[in-house]
Amino acid sequence: MTMRTALAAAAAAVAALAVLAPAADAKEVMSLQVCVPAGCHRVSDPGSKGPAVIEGVPAAAPTRAAPFVRLRVGVGDGKQVMETFTSTFVPRAGLIQSVDGSWIQPDPDAVATLRDLTRGLELFPASRLRLPDLPPALAAPPASEVGPADDGGGLPAWLLAVGVALLGAAAVVPVVRARKAAAGS
């Protein structure tokens, strides 16, 4: 196998992986419940409201406690639920506290959708909302100072490394050919 054939085969493999990798990471909200002290309310058509509960940019915690709801979210591949988690939504602040305790700010349309889902419900009292006791220097930076949240759609680091290695190998081929031509003359 020549160097050109090997490089072409490797490039084709990398291109195939780049196309297939995002599909393996596909996730969609398959179930959604808004939970309040009186119980949980199942949301019809959770897929249409899904991005509101799983996407956003990092944000600082609310500056003061406010009434809230719990969101029970089931995420899957479109056929079956693979993971279930519970997060906290504070309608007044328009913020969601993730499972790991960090806070995100969904886009304005998503906040409006979530507020519509909670309208008319008796929310958990503000006194039950747990906020971090961090000094301001350790709090998360405002969303305006942070780039967009990672949506999982990027390429894996190993795939990028393979691509860089292939580009490096492709750059060496002309040098090797020039040396062979000079040695043969």
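Attention in this report is confined to the structure presented alongside it. The shown structure was predicted, so the numbers you read here are calculated from the model rather than taken from an experiment.

**Description of the overall build of the chain**
Phase 1: On a plain count of helices and strands, the chain comes out with 4 helices and 7 strands.
Phase 2: Each helix and strand of the chain, placed in order from N terminus to C terminus, yields the pattern α-β-β-α-β-β-β-β-β-α-α.
Phase 3: A burial count over the chain gives 25% of its 185 residues as buried.
Phase 4: The long-range fraction of contacts in the chain, counting pairs at least 24 apart against all pairs at least 6 apart in sequence, stands at 66%.
Phase 5: Put simply, the chain shows about 11,800 Å² of open surface, and 59% of that area lies on carbon and sulfur atoms.

**Points about the pattern of salt bridges**
Phase 1: Within this structure, the stated rule accounts for 1 salt bridge.
Phase 2: Residue Arg-119 is joined to Asp-116 by a salt bridge in which the shortest nitrogen-to-oxygen separation is 2.5 Å.
Phase 3: The class of Arg-119 is exposed, set by a relative accessible area of 59%.
Phase 4: Classification of Asp-116 as partly exposed rests on a relative accessible area of 47%.

**Looking at the side chain of Thr-118**
Phase 1: In this structure, Thr-118 sits in helix 3 (residues 108-118).
Phase 2: Residues within four places of Thr-118 in sequence aside, it is in contact with Val-34, Val-69, Phe-89, Pro-91 and Leu-123.

**Structural notes on the state of the cysteines**
Phase 1: According to the stated counting rule, one finds 1 disulfide in the structure shown.
Phase 2: At a sulfur-sulfur separation of 2.0 Å, the disulfide partner of Cys-35 is Cys-40. Measuring the twist about the S-S bond at about 105 degrees, one finds the Cys-35-Cys-40 disulfide to be right-handed.

**Topic: the environment of Glu-28**
Phase 1: Residue position: Glu-28 is located in strand 1 (residues 28-36).
Phase 2: When its relative accessible area of 40% is taken as the criterion, Glu-28 is described as partly exposed.
Phase 3: Separated by 19 residues in sequence, Glu-28 and Gly-47 place their C-alpha atoms 6.6 Å apart.

**Overview of the environment of Thr-88**
Phase 1: Looking at the secondary structure, you find Thr-88 in strand 5 (residues 81-90).
Phase 2: Given a relative accessible area of 4%, Thr-88 falls into the buried group.
Phase 3: Considering only alpha carbons, one finds Thr-88 and Trp-103, 15 residues apart in sequence, at a separation of 9.2 Å.
Phase 4: When residues no more than four places from it in sequence are discounted, the contact partners of Thr-88 are Phe-68, Val-69, Arg-70, Leu-95, Ile-96, Gln-97 and Leu-129.

**Examining the sheet that holds strand 3 (residues 57-59)**
Phase 1: The sheet built from 7 strands is open, its strands ordered 2-1-4-5-6-7-3 with antiparallel pairing. Both edges of this open sheet fall to strand 2 (39-42) and strand 3, since each of them pairs with a single strand only. Sheet twist, expressed as the average angle between the axes of neighbouring strands with direction ignored, equals 35 degrees.
Phase 2: Judged from the 7 bridges that link them, strand 1 and strand 4 (residues 69-76) form a sheet pairing that is antiparallel. Counted as the bridge partner of Gln-33 is Arg-72 from strand 4.
Phase 3: Each of strand 1, strand 4, strand 5 and strand 6 (95-97) is contacted by helix 3, which is oriented at about 85 degrees to strand 5, the strand it contacts most.

Cut-offs applied
- Residues numbered from 1 in each chain as written.
- Predicted model: local features only at pLDDT ≥ 70, side-chain atom pairs only at ≥ 80, totals over all residues.
- Heavy atoms only, no water.
- Helix = DSSP H or I, 4+ residues; strand = E, 2+ residues; numbered from the N terminus.
- Buried < 20%, exposed > 50% of the residue type's maximum accessible area, 1.4 Å probe, protein only.
- Contact = heavy atoms within 4.5 Å.
- Areas by Shrake-Rupley, 256 points an atom, 1.4 Å probe, with all protein chains shown as cover.
- Salt bridge = Lys/Arg side-chain N within 4 Å of Asp/Glu carboxyl O.
- Disulfide = S-S within 2.5 Å.
- Pairing = 2+ DSSP bridges.
- Axes fitted to C-alpha atoms, helices over the stretch in contact; angles between N-to-C directions.

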